[in-house]
Amino acid sequence: CWGWGARVKSGQADPAVRGPDAPAPHFPARRPHASRPRLLGPHAPHPAWTAENAAVRARIIAEFAKMGVTAKTYTGMGCNTSKWAAVLGCATVTDIIAPILPGPKNGDGKAIVLLAHYDSVPAGPGAADDGSGVASVLEASRALIARGGKPLHPVIALLSDGEEYGLLGADAFLNNSQLRDKVGAVINIEARGNQGPSRLFQTSPKASKIIDLYADHVPT
């Protein structure tokens, strides 16, 4: 793993990939791949504001319900504030927010957010970008619930909408101070190209402690 301002721990080997029959508290890496067709349905494009997008959203909420998690939708205004955008585009989008685990004081304290986006580009079904991320968040949520206990911080799943139009769902979430102020750290699971190793660890500035923590706990 690597990051700016952080030490690098080299020589790490990838952990063995677990199959779908792995014990419940573990993350079987092959299971998210198998669950993507169920989430994507007819494998059609599902950009924001389409009926197909609403259908994918409903299937995701149903997957959380199977875990005993009540996922809720949050509809808000998001804007493309990237410095690379030619115009400032804003729109109303619908995020999915699911409380996975409470903290030691029933949800108090800064939360760890598992983030992916569920919309696709208009020209493709979004199986990789970011259906793979959505499936990974769902499987990670299932494994954490099966493990039980109360972590030091609450864990929340956030599946955002309108990412392909300029991170609109993420912006809508951050524009809500009540939601934003609950967040301590975000783990963003996103597609990273169409070739090469399917992993990339990158951190925000001033995140050296996170890199050190990761390096100390990943098997070597």
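Visitor: How would you explain the overall build of the protein if you had to name every residue and give the values?
Guide: Looking only at helices and strands, one finds six helices and five strands in the protein. Reading the protein from its N end, one meets helices and strands in the order α-α-β-β-β-α-β-α-α-β-α. A total of 220 residues make up the protein; the buried ones form 37% of that total. A fraction of 74% describes how many contacts in the protein between residues 6 or more apart in sequence connect residues 24 or more apart. When the accessible surface of the protein is totalled, it reaches about 12,600 Å², and 59% of it is carbon and sulfur.

Visitor: Help me get a handle on the pairing of strand 4 (residues 155-160), residues and values and all.
Guide: The buried count for strand 4 comes to six of six residues, which makes it a mostly enclosed element. Neither face of strand 4 is left uncovered, since the one carrying V155, A157 and L159 and the one carrying I156, L158 and S160 both have all their residues buried. Inspection of the sheet shows strand 2 (residues 90-101) paired to strand 4 by five bridges, in the antiparallel sense. Looking at the pairing, P99 lines up with I156 of strand 4.

Visitor: Describe the environment of H117, and please don't skip the residues or the numbers.
Guide: Locating H117 in the fold gives a position in strand 3 (residues 111-117). Linking H117 and I189, residues 72 residues apart in sequence, is a C-alpha distance of 8.5 Å. Within the structure, the side chain of H117 is placed 3.0 Å from the side chain of D119, a separation counted as a polar contact.

Visitor: Now, about the state of the cysteines: what can you tell me, with residues and values included?
Guide: Taken as a whole and assessed by the stated rule, the structure comprises one disulfide. Here C79 connects covalently by a disulfide to C90, the sulfurs 2.0 Å from one another. Disulfide C79-C90: the torsion about the S-S bond is 110 degrees, which places it as right-handed. Taken together, the positions of C79 in strand 1 (residues 72-79) and C90 in strand 2 put the pair 11 residues apart, joining distant regions of the chain. Judged by relative accessible area, which is 41%, C90 ranks as partly exposed.

Visitor: Quick one: what's the story with the sheet that holds strand 5 (residues 183-188), residue by residue and with numbers?
Guide: As summarised here, the arrangement of the five strands in space is 1-2-4-3-5, forming an open sheet in which the pairing is mixed. The strands lining the two open edges of the sheet, one partner per strand, are strand 1 and strand 5. Within this sheet the neighbouring strands show an average axis-to-axis angle of 30 degrees, counted without direction. Bridge analysis of strand 3 against strand 4 gives six bridges, and the strand direction is parallel. Note that in strand 4 the partner of L114 across the bridge is A157. Against the sheet, helix 2 (residues 51-66) engages strand 1, strand 2 and strand 4, with an angle of about 10 degrees to strand 2.

Visitor: Account for the side chain of N176, naming residues and giving values.
Guide: Tracing the backbone shows N176 in the loop between helix 4 (168-175) and helix 5 (177-180). Using a relative accessible area of 19% as the deciding quantity, one classes N176 as buried. At 3.3 Å, the side chain of N176 and the side chain of Y74 are in polar contact.

Visitor: Just give me the short version of the packing of helix 2 against helix 3 (residues 127-147), but keep the residues and values in it.
Guide: In the contact formed by helix 2 and helix 3, the axes pass within 10 Å of each other and the chain directions differ by 15 degrees. Relative to helix 3, helix 2 is oriented roughly parallel. With respect to the hand of their crossing, helix 2 and helix 3 are arranged in right-handed fashion. Two secondary-structure elements touch here, helix 2 through I60, E63 and F64 and helix 3 through V134, L138 and S141.

Visitor: How would you sum up the pattern of salt bridges? Please name residues and give values.
Guide: Summed over the entire model, instances satisfying the criterion amount to four salt bridges. K66 is the salt-bridge partner of E63, the closest N and O atoms lying 3.2 Å from each other. Linking E63 with K66, this pair stays in helix 2, spanning three residues, or about one helical turn. Among the ionic contacts, a cluster of salt bridges with common partners joins R38, E63 and K66.

Criteria and cut-off values
- Residues numbered from 1 in each chain as written.
- Predicted model: local features only at pLDDT ≥ 70, side-chain atom pairs only at ≥ 80, totals over all residues.
- Heavy atoms only, no water.
- Helix = DSSP H or I, 4+ residues; strand = E, 2+ residues; numbered from the N terminus.
- Buried < 20%, exposed > 50% of the residue type's maximum accessible area, 1.4 Å probe, protein only.
- Contact = heavy atoms within 4.5 Å.
- Areas by Shrake-Rupley, 256 points an atom, 1.4 Å probe, with all protein chains shown as cover.
- Pairing = 2+ DSSP bridges.
- Polar contact = N/O pair within 3.5 Å; in protein donor to acceptor, adjacent residues only side chain to side chain.
- Disulfide = S-S within 2.5 Å.
- Axes fitted to C-alpha atoms, helices over the stretch in contact; angles between N-to-C directions.
- Parallel < 35°, antiparallel > 145°, perpendicular 65-115°, else oblique.
- Left-handed = near helix turned anticlockwise from the far one by under 90°.
- Salt bridge = Lys/Arg side-chain N within 4 Å of Asp/Glu carboxyl O.

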